[in-house]
Structure formats: C-alpha cells, structure tokens
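A structural walkthrough
Letter by letter, the chains look like this.
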Amino acid sequence: MASNGWQKGGGMVGQATEKVTVTLDRNAVGRVAYQTASEVSDIFSLAFTVIAGADVENIPTNPDQHMHFSLKTRGRSAAEQREAYQRRLVAMCFSDLARAIRETLETACAHMELLKTPPETLAGGSPDEVLERVVARMEAIRPSAQALNYPQLLKRVQDGLSAPLTWTPELHSFQTVRNCLEHRGGVVGERDVDQNGQLTLSLPTVELYHLDAEGNETAMHFDAPTQKETQVMLRTITRTQTFNLGQTVSIPPRDVKEVAFAVLMLAGDLVAKMPASDRQEI
C-alpha cells in the first residue's frame, strides 16, 4: 500500500503453502512532509504574487456560485486589506507545514509499532488477505499516536530511532509557534514564552559562503558578485527569530520558502534515522 510503504509479493512453496513477503519502506514516513513542503512553497509563490497585484476592492465571485456573498471589513484601505490577506496567507502556510511535521511524527510512531507486530498474527489466506490485515493493523495503531500530545509523541519517536534527531529543539520551537498562531491569533502569551519572556522560532536552513584570499568567510546571497575561481562552500545553520510577550508573531513573506525547506530537512533527518525493517515472510 503506497501510503504506508507496504509492498506484497507472493510465491508458491511446494504445492500447498503460499508465502507473502511484505516490506515496510521507511521513506514513506516522510511523504506527507515532502509533499506539503513542495505544495505550500508553490502555492505561496502563486497566491502572494496574485494578491500583490489584485484589485482587492473588487474581488470577483466564483463562477459556479448561485448566490453572491459580500463579506467586507469596514474601515480598511486597499493597502491595509492587501497586507491583511498576505499576512493570513503566511499564517495558513505555516500552519500547514507544522501540521505536516505532526503527521510525519505520527506516521513514524505507527511505523515503529508495526515493526513490532509478530508476523504470525498477520498470516493466513491469500496475499490480498494478508495485506488487508497489515493495513488494518496500521489503522488500529495510528489512533494511539494521534492521541499523544506533542512532547509525548516526539519522545516516543525519538526512543525508537537509530540515532538522536539533529534538530529536536527546532521541532519544539516549530510546534510552539504553530500553537501561538493557531490558538492565540499569533499574539504571544504566557504559555508560549521561555524563562526570558520570549518565544523563539528556530529552524534549520543552509547557507552559502566563500573564503577570501586571507581565509575570511563572507556569506553569499542571490546575485552576489564573486571573483574568478572563488571557492564556494555550503553549510547547515540554524536561523532564529524572537518575539516578546504580547508581540504578534510575524513571519516575513521572504521566509516562507525557507520554512518549507526546513520541513524537508526535519523530515529527512527523521527518515534517515528510522529503524530498518527486515523483510518478513508470512
């Protein structure tokens, strides 16, 4: 089953016994995060550009609507309305990306539990019947992962990995900012801040830099001029943004694609450390 990475294979052994080999592909654990990051990145680029050039005082109706509903916010200029649309678009994209990370952790948890299932409990019947039992087992496991709060879920997953996650604080940071946006409209509250009274968004990214003749590092940016035969280097860094108590969380539009790329990095790190699944004959 593609959604969970299961594959089936059948083969006659002698004349009476049919064995089914199932393989659980750990790469499927990151599918939702990879797909969401790609789609959010593209949708944001399209929608943000459209909003920037749109006549926000004359929003067209959908062609298949039988009744037109005019929902206007009074007292806003066109510029204020456009800014509000763009700000909400950023928040929606961030929420989708955070939700994808949560679902990836839930899938990883279910994947690990499925590996512990004794093969004999799934045996018997045709390959299709065995596959049905595997899928049913996966669906029975998933609710227990979904019921965990975020710290519990993250710990459960970490306990089953082959090595510690590289960006555990960043995963907690991502979820905390998501909660602030989702439950408090982005206004930083007491439950969002650390002992210093601040909420910090901390996410991994990559940085290009080059070395000059003296060995000094200079960060590079798009269209940055370089000298011939410049040695360009790439490294992973953590970028942070801090918000104070009572401040409204604001993610700059230019950072949305970087947040999407961070989701790829976080999911890729998790997938690489998932336990290996041996092929099981049932």
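The rules behind each value
Residues numbered from 1 in each chain as written. Predicted model: local features only at pLDDT ≥ 70, side-chain atom pairs only at ≥ 80, totals over all residues. Heavy atoms only, no water. Salt bridge = Lys/Arg side-chain N within 4 Å of Asp/Glu carboxyl O. Helix = DSSP H or I, 4+ residues; strand = E, 2+ residues; numbered from the N terminus. Buried < 20%, exposed > 50% of the residue type's maximum accessible area, 1.4 Å probe, protein only. pLDDT = per-residue confidence, 0-100. Contact = heavy atoms within 4.5 Å. Core = buried A, V, L, I, M, F, W, Y, C linked by side-chain atoms within 4.5 Å.

Now for the pattern of salt bridges. Applying the stated criterion to the full structure yields 11 salt bridges. Linking Glu 207 and Arg 235 is a salt bridge whose minimum nitrogen-to-oxygen distance equals 2.9 Å. Here Glu 207, found in strand E4 (residues 198–211), pairs with Arg 235, found in strand E6 (residues 232–244); they are 28 residues apart in sequence, far enough to count as distant. Arg 235 sits in the partly exposed class, given a relative accessible area of 28%. When salt bridges with common partners are traced through the structure, they connect Glu 207, Glu 217 and Arg 235 into a single cluster.

Within the chain, residue pLDDT values average 86, and 88% of them lie at 70 or more. Note that residues 10–16 has pLDDT below 50 and, in this model, seven contacts with residues that lie over four places away or in other chains.

A separate point is the nonpolar core. Among the nonpolar cores identified, the biggest contains 49 residues, and Leu 97, Ile 101, Leu 105, Val 157, Phe 174, Val 249 and Leu 270 are the most heavily contacted of them. Elements that contribute at least two residues to this core include exactly helix H1 (31–53), helix H2 (78–115), helix H4 (150–159), helix H5 (168–184), E4 and helix H6 (256–272). Leaving out residues up to four positions away in the same chain, Ile 101 has contacts with Tyr 150, Leu 171, Phe 174, Val 263 and Leu 266. In terms of nonpolar packing, the next biggest core, distinct from the first, is built from 10 residues, Val 22, Leu 24, Leu 114 and Val 134 among them.

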